[in-house]
Structures are given as C-alpha cells and as structure tokens.
Amino acid sequence: MKLEALPVVKGDHNLSSYEDVYTSFNWEEAEKNFTWYETGKLNAAYEAIDRHAETFRKNKIALYYRDSKRQEKYTYKEMKELSNKAANVIKNTANVEKGDRLFVFMPRTPELYFIVLGAVKLGAIVGPLFEAFMEGAVKDRLEDSEARVIVTTPELVNRIPVDELPHLEHIIIVGEDVDTEKHIDFLSEMETASKELDIVWVEKTDGLLLHYTSGSTGKPKGVLHIHQAMIQHYQTAKWVLDIKEDDVYWCTADPGWVTGTVYGIFGPWLTGSTNVIVGGRFSPESWYQTIEDYGVTVWYSAPTAFRMLMGAGDDLVNQYDLSSLRHVLSVGEPLNPEVVRWGAKVFNKRIHDTWWMTETGAQLICNYPSMEIKPGSMGKPIPGVQAAIVDEKGQELPPYRMGNLAIKKGWPSMMHTIWNNQEKYDSYFMPGEWYVSGDSAYMDEDGYFWFQGRVDDVIMTSGERVGPFEVESKLIEHPAIAEAGVIGKPDPVRGEIIKAFVALREGYEATDELKEEIRLFVKEGLAAHAAPREIEFRDKLPKTRSGKIMRRVLKAWELDLPTGDLSTMED
Ligand code: 6R9
C-alpha cells in the first residue's frame, strides 16, 4: 500500500523547519505566549477569550455559528461579555464554585460555548456529554464524578435520572417554557445577568475538563485535564493546525469528543482565530456550503467524514467553491491512503493526519505543512515530545518492529488523573517513564509512525502479524466498498483468520462473486495471508459517536461475547 510521498508545500508555515525546532524546543518557551507568564494570574478561558477582547482583536469575529435554524456571529468582545454573563448565571443560580463538576448535555449552539467558557472562568471542571447519550450513560458519568450541576435542554432533560443522583443539585435548562419550580431558566437569567465578572484565578494543575472515554471493559473512565494543558493546545494549534491571524478555522467535532473541546474551543481561541461551529447533522451539501460561505481556510475533520464525503461523489464536491481551503487535517482513526489520494484530487490539498487520544489531551504525532507526507502514516512527534515503539516490558524496539506506541511522560497536556481511579491511571505507565497508548504501530527509518490497530485488534494468522488497518485500507480501494472493519477470528489451524465486514457503496450488489473478487483484490494488492477468508456484507458498521469503527463490537458479535460498554456507539 506504499504510495508516493506527497511533497512539502512551500510557504510560510508556523513550524518552518521540523528538525531544527525538534532539537531546540522546550515547553517553557511556549509559556511565554500567555499573559499569566507575566501576571501570575491563570485561567484558560481568560487566555482564550478575554485576553483577545482587550487587544486589536476586540472586534474580530471569534465565532461564526450556523445550523438549520440559526446563523450568527460573535466578536471576541461579545464572547467575553456573553461568557461573563453565563458565568454569573451559573454562579448566582447554582452557586458554581472552583472545582465543582458541571456537565453540559446539549447540542452545539452558541449558548453551549458561553456556558463552557463561563464555567471555566469560575474554575469549575466541565464534563461534556454527547447529546445522544441515554439515561444509563448520563447516570454513569454524573455518578462517578459526583457532578453538582448539569446544563441541558427541554428535549434531553428527561434522560437525567435525578432520583438516582444524590450529588446533583441543579439542572439548568437552555430553552423555552422552563418549569422554574424544578429547573433554572438559563435564557431568562441571561437577560438580566451582569457583563462584569471577577474571574477565578487557578493553579496550572487545577481541573479544566473531564472527558469520559469508554474502554472495552468496565465502565467509562473520567480523564481529567488541567489548565496547564492550554500550553499544548496553543502550541499545536500553531504548529499543526498552522493557524494564522487571518485564518477561518473549522473543526467539525462535537464537544462530547475531546477533539471538539481541545480543537473546537481552546486551540483556535487561544490563538485568537475566527472559529466556525456548525450544529445539526452531517450532510455533504451543508458541509461544502459551510466552507464556501465562510471561506474556511483551515479544516479539521475525521476519516469517517472524509469517507462519507468521498462516497457522496466528485460531482457534488465540484459544485462548490472550496478554493479558500489552505490546510486540511484529520484525526480519530487511521486515515486511509485512498482518502488522502482523493483529498489531493478534489480539494487539491494534502490531508494531514494527526494522532492523539483523550488521555494525551492534545496532538502528539502529526504531519506538518512543512513536512513530506507519507500517505497512511500518522507522521512524527511534535517538538517537545518523544515517542517510541516498545515491547511488553517497555523496551524500545528498532524501526519496522510492530509494538505498543509509547510516549515519554512530561508533555503539558497529559491527563492529570483518571477520576476516582488511581489504579487505572497507573496502568497506563511502564518503567522508563513511558505512557503506553495501547495502539499498535511501527516506526520507519525516517522516524514516521505507522498505525496498525489497537494492540488488542492485531491479528495473528498463520504466524503472520497483520494490522487490521492495512487490510481495511486496501479494501476501501475497491470501487464497490464504502467502509470496512476487519477482525481476527479464532481458527484451529491458522490461529486466527481474517474476517472482513464490508459496507458497499450505492449501486453494488452483495453477491458471492463480489466476495471472491474482493478477496482476490486484497490478495493481489497486499498479500495472500492478508486476504480475508471470510467476508460479510453489512448495511453499516458499528461506530462510535466520534466515527471510530468499533472492531471489538464486530468481534464480540461474531464470537457471541459480551460487547462491553456501548454508551458511545452511534444508534
Ligand atoms: C483524539 C481521539 C483515541 C484512539 C487512539 C487510536 C485512534 C486517533 C488516530 C487514531 C490512527 C490516527 N486514533 N487518531 N488511529 N490514526 N490519526 O481520537 O481521541 O477518542 O480518545 O481516541 O483513536 O486508536 O488510541 P480518542
């Protein structure tokens, strides 16, 4: 699946020379970009919004918002005032204080952003939830974190099992006709709230965000991020997103996913850029229209979205003027080379893959504008970060050996703890100060990292190790295939065999001949041992809300095993 590397695009990039900066950089340098470095007064929401409202960016557009009903814009000054008002509302009605856990359980609207920023200004820890969560998922998260306050909408409030949550004191509702006997009416309170606020200054190590993520077993775990993470949010927004003063930036992720907070809120606003936020459902037409209407220059999305856009066809994309795009990026799943190739064709842009996790708090391994892209690779570690492939004992492995992707402890946005679960937190680390990701990968001779799958997903077939991603990427090169998920299925002779679950593109029929053709396609294009022995057609594949194919669920279904936590699965 090796493709020609995509050459460096000449231009003026924030990270102009990867090698030079990699060898000389230290994180202390990045701290000088913040006002607290001088004043000693620290708060991530202040740095993201208020600081700019006090400069030449005062009247610059901070937020363009649109959904099917609303289309609005807010300057930095307005964002400052509205987040101050929101802070006053939650302080005065729900007595929100430093360290309190406040959850947001609502769709993307400007109010969601005022509230998140307002809560951070009070020193509260914000726990974002996907609006699709049902009662059990909401309960697990609120219970574990002992949340005092939740902000939601009239449509979602019934999914909060109040009687089972003794710590939950207040429900704030953003919407019409609020029953003020039971709930706090956010919109009415906003009308009279003051625009002035005394920000609560915090320590670097005070809590900022609490993101729950699901593992394959047990309940979701609360990953706590602290204010100091802003150092890396800012620095990666500069280097990796390559945001500059005149950029119009759009991250398509929902704040229920860490990408939607770190790179939907903090990254862009810490750099003082114009941030686009789109509410409502995905549709290829409205997405392309968004880029055209706002003249989006930097666009951060995910492989699943790019694959859906690819599936919507080239005729559609050609109806829009997307020439404003300067820099396109992806995160969340391996970026298939086929998608990179398609992006280069239709956007005339290289799609830059970025790798990180909820636990890592910000991007760690990335492709930079100033760097050659090897399609299918996640890129190289950001300056200030040391990555390696390690074995079960934490020993570093040489190039091309598949193992566990590990990061040397000590980057600013690393999770501070797992809420109420020190044991789980400790389990991430190995001797030698390595944070071990659980992702299987290898490094090539140029220091590029190549993702193979989750460690648990790697397939052992007839003595060969096969990463599911490689097979999936080959599969989606086949014209009939829209998406593919690959698992290892126990087999008495081969150890495991490769089984592929495949969703077809429109117009293709699920026949045995097609299965045979697909098998041959992988055999000839990749390797005989990598060709799936079993292929099953599916209308769609199980995915998380952030678009990740859930291989463990495919495997559990196949083998009749328990599926584990499904709260983040798409319906
Ligand atoms: C930011 C985010 C983390 C897991 C991670 C890995 C997968 C993310 C990827 C990628 C291949 C990439 N992942 N980016 N795999 N290439 N560029 O996604 O956080 O939701 O916690 O997921 O996602 O398996 O371990 P999170």
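Residues numbered from 1 in each chain as written. Predicted model: local features only at pLDDT ≥ 70, side-chain atom pairs only at ≥ 80, totals over all residues. Heavy atoms only, no water.

## What about the overall build of the protein chain?
The test is simple: For helices the rule is a DSSP run of H or I covering at least 4 residues; for strands it is a run of E covering at least 2, with both sets numbered from the N terminus onward. Computation of the radius of gyration draws on C-alpha atoms, with the globule rule given as 2.2 Å multiplied by the number of residues to the power 0.38. Partly exposed residues are those whose accessible area sits between 20% and 50% of the maximum for their type, while under 20% is buried and over 50% is exposed, using a 1.4 Å probe and protein chains only. Here the open area of atoms and residues is found with the Shrake-Rupley method and a 1.4 Å probe, where only the protein chains shown may cover a residue.
Within the protein chain one finds 18 helices and 27 strands. Against the compact-globule benchmark of 25 Å for 571 residues, the protein chain has a radius of gyration of 23 Å, which places it among compact chains. Oriented by its inertia axes, the alpha-carbon framework of the protein chain measures out at about 70 × 55 × 55 Å. Burial status across the protein chain gives 60% buried among its 571 residues. Looking at the protein chain as shown, the accessible area adds up to about 23000 Å², and 46% of this sits on carbon and sulfur atoms.

## Let's talk about the UniProt feature "domain: AMP-binding enzyme C-terminal" (unreviewed entry) in the protein chain
To keep things clear, this is the line we draw: UniProt positions are given in the numbering used here, feature names are shortened, and annotations may be inferred rather than shown by experiment.
Listed under "domain: AMP-binding enzyme C-terminal" (unreviewed entry) in the UniProt record, and renumbered for this structure, are residues 470-548. A distance of 16 Å separates the end C-alpha atoms of residues 470-548, which is 25% helix and 32% strand.

## Points about the sheet that holds strand β2 (residues 71-75)
What counts here: Whether two strands pair depends on DSSP finding at least two bridges between them. We call two residues contacting when some pair of their heavy atoms lies within 4.5 Å. The angle between two axes is taken between their N-to-C directions and runs from 0 to 180 degrees, where each axis is a line fitted to C-alpha atoms and a helix contributes only its stretch in contact.
Taken together, the nine strands give an open sheet; going across it, the order is β2-β1-β11-β10-β12-β13-β14-β15-β16, and neighbouring strands pair in mixed fashion. In the strand order of this sheet, the two ends are held by β2 and β16 (380-381), each with one partner. Where strand β10 (residues 248-251) lies against strand β12 (residues 298-301), three bridges are found, and the strand directions are parallel. Its bridge partner lying in β12, C251 is registered against Y300. In the packing of helix α6 (residues 110-121) onto the sheet, contacts are made with β1 (61-66), β2 and β11 (274-278), and the angle to β2 comes to roughly 30°.

## A closer look at the nonpolar core
Inclusion rule: By convention a nonpolar core is built from buried Ala, Val, Leu, Ile, Met, Phe, Trp, Tyr and Cys residues, the set being connected through side-chain atoms within 4.5 Å.
In terms of nonpolar packing, the biggest core is built from 135 residues, with L142, I160 and W269 touching the most fellow members. In contact with L142, not counting residues within four places along its chain, are F103, L129, A147, I150, I160, L165 and L168. In terms of nonpolar packing, the next biggest core, distinct from the first, is built from 48 residues, W250, V471, I481 and A527 among them.

## Some details on α6
Note the following rule: Helix span, as expected, comes to 1.5 Å for every residue beyond the first.
With twelve residues, α6 extends 17 Å from end C-alpha to end C-alpha; this agrees with the ideal 16 Å at 1.5 Å per step. Where burial is concerned, most of α6 is hidden: twelve out of the twelve residues are buried. Those residues of α6 that fall on the buried side of the exposure criterion are P110, E111, L112, Y113, F114, I115, V116, L117, G118, A119, V120 and K121.

## Here we look at the environment of A510
You can see A510 is positioned in the loop between β26 (495-504) and α17 (512-525). Separated by 30 residues in the primary sequence, A510 and A480 place their C-alpha atoms 9.5 Å from one another. For A510, the residues in contact, after removing those within four places along its chain, are L504 and F537.

## Some points on the site of the ligand
Put simply, the rule reads: Near is defined per residue: the residue qualifies when any heavy atom it owns lies within 4 Å of the molecule or strand. Definition of a polar contact: a pair of N or O atoms within 3.5 Å, with one able to donate and the other able to accept a hydrogen when the atoms are protein atoms, and with sequence-neighbouring residues admitted only if both atoms are side-chain atoms.
The environment of the ligand is formed by 18 residues, the closest being D353, T354, T358, D439 and K548. Between the ligand and the protein, one listed contact pairs a nitrogen atom with a backbone N or O atom of T354 at 2.7 Å. R454 is positioned with one of its side-chain polar atoms (N or O) 3.2 Å from an oxygen atom of the ligand. Taken by itself the ligand offers 530 Å² of open surface, and the protein chains cover 92% of this. Those elements giving two or more residues to the shell around the ligand turn out to be α10 (258-270), β14 (351-355) and β22 (449-454).

## Topic: the packing of aromatic side chains
Threshold: Side-chain rings of Phe, Tyr and Trp (the six-membered ring for Trp) are treated as a pair once their centres are within 6.5 Å; stacked means planes under 30 degrees apart, edge-to-face means over 60, and tilted covers the remaining angles. For a lysine, the NZ atom is tested; for an arginine, the CZ atom; a charge sits over a ring if that atom is within 6 Å of the ring centre and within 35 degrees of the ring normal.
If you walk through the whole model with that rule in mind, you get 29 aromatic pairs. With centroids separated by 5.6 Å and ring planes inclined at 10°, the aromatic side chains of Y428 and Y435 adopt a geometry described as stacked. For the pair formed by Y428 and Y435, the shared burial category is buried. An aromatic cluster is present here, built from W250, F282, W287, W299, F306, W342 and F347 joined pairwise through their rings. The residue whose ring lies beneath R141 is F133, and the NZ or CZ to ring-centre distance is 4.3 Å.

## Let's talk about the environment of H352
As for its placement among the helices and strands, H352 is situated in strand β14. Judged by its relative accessible area of 4%, H352 falls in the buried class. On a C-alpha basis, the gap between H352 and V126 in space is 29 Å, while along the polypeptide they are 226 residues apart. Apart from residues lying up to four places away in sequence, H352 is in contact with H327, V328, L329, S330, N367, Y368, P369 and I373.

## Notes on unusual backbone geometry
The residue E146 is not glycine, and still its phi comes out positive at about 50°. Along the chain, E146 turns up in the loop between α7 (135-145) and β5 (149-152). Despite not being glycine, E433 shows a phi value in the positive range, around 65°.

## Focus on the packing of helix α16 (residues 468-475) against α17
How two helices sit against one another is set out by the angle between their axes and by the gap between those axes. Here is the rule we go by: What makes a crossing left-handed is the near helix being turned counterclockwise from the far one by less than a right angle; a clockwise turn instead makes it right-handed. Polar here means any residue outside two lists: the nonpolar Ala, Val, Leu, Ile, Met, Phe, Trp, Tyr, Cys and Pro, and the charged Asp, Glu, Lys and Arg; Gly therefore counts as polar.
For the pair α16 and α17, interaxial distance at closest approach is 10 Å and the crossing angle is 115°. In the packing of α16 onto α17, the handedness of the crossing is right-handed. In contact with V471, K474 and L475 of α16, α17 contributes I518, F521, V522 and G525. Residues of the contact of α16 with α17, tallied by class, amount to five nonpolar, one polar and one charged.

## With respect to α16
With seven of its eight residues buried, α16 lies for the most part within the structure. Listed in full, the buried residues belonging to α16 are P468, F469, V471, E472, S473, K474 and L475.

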